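Next come the chains, spelled out residue by residue.
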Amino acid sequence: MAEQPRRRRHRGPGAPVEKAKDFKGTLKKLIEYLNQYHLGIIIVMIFTVGSTLFNIIGPKILGKATTEIYKGLVAKITGSGGIDFDRIGQIALILVGLYAISALFGYIQGYIMAGISQKVSYNLRKELSEKINRLPMNYYDKTTHGEVLSRITNDVDMLGTGLNQTLHQLIQSTATIIGVFVMMMSISPLMTLIALVTLPISAVLVMFVIKNSQKYFKAQQEYLGHVNGQIEEVFGGHNIVKLFNKEETILKEFEQKNDILYQSAWKSQFLSGLMHPLMTFVGNLGYVAVVIVGGYLSIRGTIEVGDIQSFIQYVRQFTQPVNQLAQVSNMLQSTMAAAERVFEFLDEGEEEQESFMHEVLEDPITGQERNVTIDDLDGSVEFWHVDFGYTRDKRIIHDFNAKVKPGQKIAIVGPTGAGKTTIVKLLMRFYDIDNGAIRLNDWDVQGFDRSELREAFGMVLQDTWLFKGTIMENIRYGRLDATDEEVIAAAEAAHAHHFIQTLEHGYQTELNEEATNISQGQKQLLTIARAILADNKILILDEATSSVDTRTETLIQEAMDNLMKGRTSFVIAHRLSTIKNSDVILVLKDGDIIEQGNHEELMKAHGFYHDLYNSQFEESA
């Protein structure tokens, strides 16, 4: 089963955070990648700091308004004056202006930062999508589709979101801590010292909660994966569970895992839930101490009444960014982990798309040399002492030799694992051979660009591939400039026209993402029609008729025989009755050609092919 894309789960305080294996190296790569956005990031930093500073000045000015009101009330009580509303109005206007500028700066930085993070996500997805086409096939042999999909979706999304949040919060929190500390010191160093005493107490409590809750968060994540995995497997194989009467067993296993998940989940959530009330309790103790000391200093005339109010607001502002920095640290770790996976994918070794050894020939008219193109091919193929292995220590193909004349129909047969499909993969340069050469018209395939080389081949595989769209669009994928009449003609040649006409919307029938609204055999007919429309010089048919019934198979064989006239064709088949009329049959076993000839010659030889053919005949009988 392919690995599923990673699902992001809610992480509470104390939850284990995914970390990058090389934090510094990944951070350096990310900074280098973001260098193209350096101007925008500098503007974001300036406006974030500006927004924060204007916001920090506010409580100090608000405190002056409080002081004015207090002095006015005292003067009114003593009969020496009253409240100066003009002065308070001026202070209020200044305060509104400061907060308005702060909000404007915050809006500008948020707008620019959102644009940068989305551009980064857009460009990374674009680069990853382009990278997929440049990776060698052996990368996909060792990496699941789910892992590749996860990097393009979840990891890029996490990177973009994390970048947007961490950069802004990091700058804002740092500026807030420095700015608030300066303002607190300007009011009262003694009160500042008292306020700071509560920080280590809070830190000790937070570390205690994290230490005790983390093990439960780990267990919660682990068993959440177990529960999700079991549910996915049970629903995917529900018929098998029913068939073997395993409902009770499955239910007991689920209850055991679900119980462990429940125990770890409530403990982790309970402990992380203690964080806020504990922080609030310690913070309130700090406020009480600040108010008592502030009142004493005010009585002595060291500070004004409004300064106490300002200081309390600053204390609230001071503890908030400290908590934010802890969250930013976790977010930064997750962001670096996602960035590391993205950059690992982008740094994967690529196969060369363009050849540096182009074959050349002399133009008979101009007498000038030019690069060989697929238009110069007539379909002759030669395998010359070919050796290949998917890994260096395990060879699949051993000293493979074969010559194919233009227009011949070559059948490749043999037991499972003999190397049949590997041969055609080498022919199309999905993999490069270790030794020997593969030649088209005496020209080495490595002398062609990979994309150009593959234009010479038409391919119909056992596994059908259709995309979401109409039947007409799916067939036209073989040649995008084909007319409707040419598409219909290809469908007729593949014997797909009849069933298409029986559909309510005919060729305009919309296929869903999995093409489940048509049968497997009908899917194969459409892929064959697509190959017919492409009209390539060389055809490769890998078990092309394995998903259709006997009657449809006969019709397809007739269409294929007409299609393959004058065109070199490689046919891989397990049902030997379908390749009796091949010009040459190559019999493979353990990566070697052990027999070759036409059907009659191989049957007369009474060798491996004779035994293989008769065993199938006996099985079918």
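It should be emphasised that the depicted structure is a prediction, and the values quoted were computed from it without experimental measurement. (Residues numbered from 1 in each chain as written. Predicted model: local features only at pLDDT ≥ 70, side-chain atom pairs only at ≥ 80, totals over all residues. Heavy atoms only, no water.)

### What to know about the sheet that holds strand S3 (residues 381-388)
Strand pairing within a sheet occurs via backbone hydrogen bonds; the two strands may be parallel or antiparallel.
At step 1: Read across the sheet, four strands follow the order S4-S3-S6-S7 without closing on themselves; strand pairing throughout is antiparallel. Each having just a single partner strand, strand S4 (397-404) and strand S7 (443-444) make up the two edges of the open sheet.
At step 2: Across five bridges, the pairing between S3 and strand S6 (residues 435-440) is antiparallel. Residue pairing in the sheet places Asp387 in a bridge with Asn435 of S6.
At step 3: Lying on the sheet, helix H11 (residues 420-427) is in contact with S3, S4 and S6; it crosses S3 at an angle near 110°. (Pairing = 2+ DSSP bridges. Helix = DSSP H or I, 4+ residues; strand = E, 2+ residues; numbered from the N terminus. Contact = heavy atoms within 4.5 Å. Axes fitted to C-alpha atoms, helices over the stretch in contact; angles between N-to-C directions.)

### Considering the packing of helix H2 (residues 38-78) against helix H3 (residues 85-134)
At step 1: H3 packs onto H2 with a crossing angle of 160° between their chain directions and a minimal axis gap of 8 Å. It follows from the interaxial angle that H2 and H3 lie roughly antiparallel. Relative to H3, the crossing made by H2 is left-handed.
At step 2: Among the residues forming the contact of H2 with H3, the class breakdown is 23 nonpolar, nine polar and three charged. (Parallel < 35°, antiparallel > 145°, perpendicular 65-115°, else oblique. Left-handed = near helix turned anticlockwise from the far one by under 90°. Nonpolar A, V, L, I, M, F, W, Y, C, P; charged D, E, K, R; others polar.)

### As for the sheet that holds strand S11 (residues 538-542)
At step 1: In space, the six strands of this open sheet follow the order S8-S11-S12-S5-S13-S14, with mixed pairing throughout. Pairing within the sheet leaves two strands with one partner each, and these edge strands are strand S8 (457-460) and strand S14 (592-597). Between one strand axis and the next, the sheet turns through 20° on average, direction left out of account.
At step 2: Pairing of S11 with strand S12 (residues 568-572) involves five bridges; the strand directions are parallel. Along S12, the bridge assignment pairs Leu541 with Val571.
At step 3: Strands strand S5 (409-413), S8, S11, S12 and strand S13 (584-589) of the sheet are contacted by H11, whose axis makes an angle of about 145° with S12.

### Describing the nonpolar core
Generally speaking, a soluble globular protein has its nonpolar side chains buried in company with each other.
At step 1: Counting 40 residues, the largest nonpolar core has Ile475, Ile500, Leu526, Ile579, Ile585 and Tyr609 as its most contacted members.
At step 2: Ranked by the residues each element gives to this core, the list is headed by helix H16 (residues 520-534), at seven residues.
At step 3: In this view, Ile475 contacts Val487, Ala491, Ile500, Tyr507, Leu526, Ala529, Arg530 and Leu533; residues no more than four positions away in its chain are not counted.
At step 4: In this structure, Ile396, Leu427, Phe570 and Leu588 belong to the second largest nonpolar core, which totals 36 residues. (Core = buried A, V, L, I, M, F, W, Y, C linked by side-chain atoms within 4.5 Å. Buried < 20%, exposed > 50% of the residue type's maximum accessible area, 1.4 Å probe, protein only.)

### Observations regarding the side chain of Ser582
At step 1: Relative to the helices and strands, Ser582 resides in the loop between S12 and S13.
At step 2: Given the relative accessible area of 4%, Ser582 is considered buried.
At step 3: Polar contacts involving the side chain of Ser582 include one to the main-chain carbonyl oxygen of Ile579, which spans 3.0 Å. (Polar contact = N/O pair within 3.5 Å; in protein donor to acceptor, adjacent residues only side chain to side chain.)

### Considerations on the side chain of Asp387
At step 1: Considering the arrangement of structural elements, one finds Asp387 in strand S3.
At step 2: With a relative accessible area of 17%, Asp387 lands in the buried category.

### Describing the packing of aromatic side chains
At step 1: Tallied over the full model, the rule gives 12 aromatic pairs.
At step 2: Ring centres of Phe47 and Phe105 lie 4.9 Å apart, and the angle between their planes is 65°; this geometry places the pair in the edge-to-face category. Within this pair, whereas Phe47 is found in helix H2, its partner Phe105 is found in helix H3, the two being separated by 58 residues in sequence.
At step 3: On the numbers, 6.3 Å between centres and 55° between planes, the contact of Trp266 with Phe270 is tilted. (Phe/Tyr/Trp six-rings, centres within 6.5 Å; stacked < 30°, edge-to-face > 60°.)

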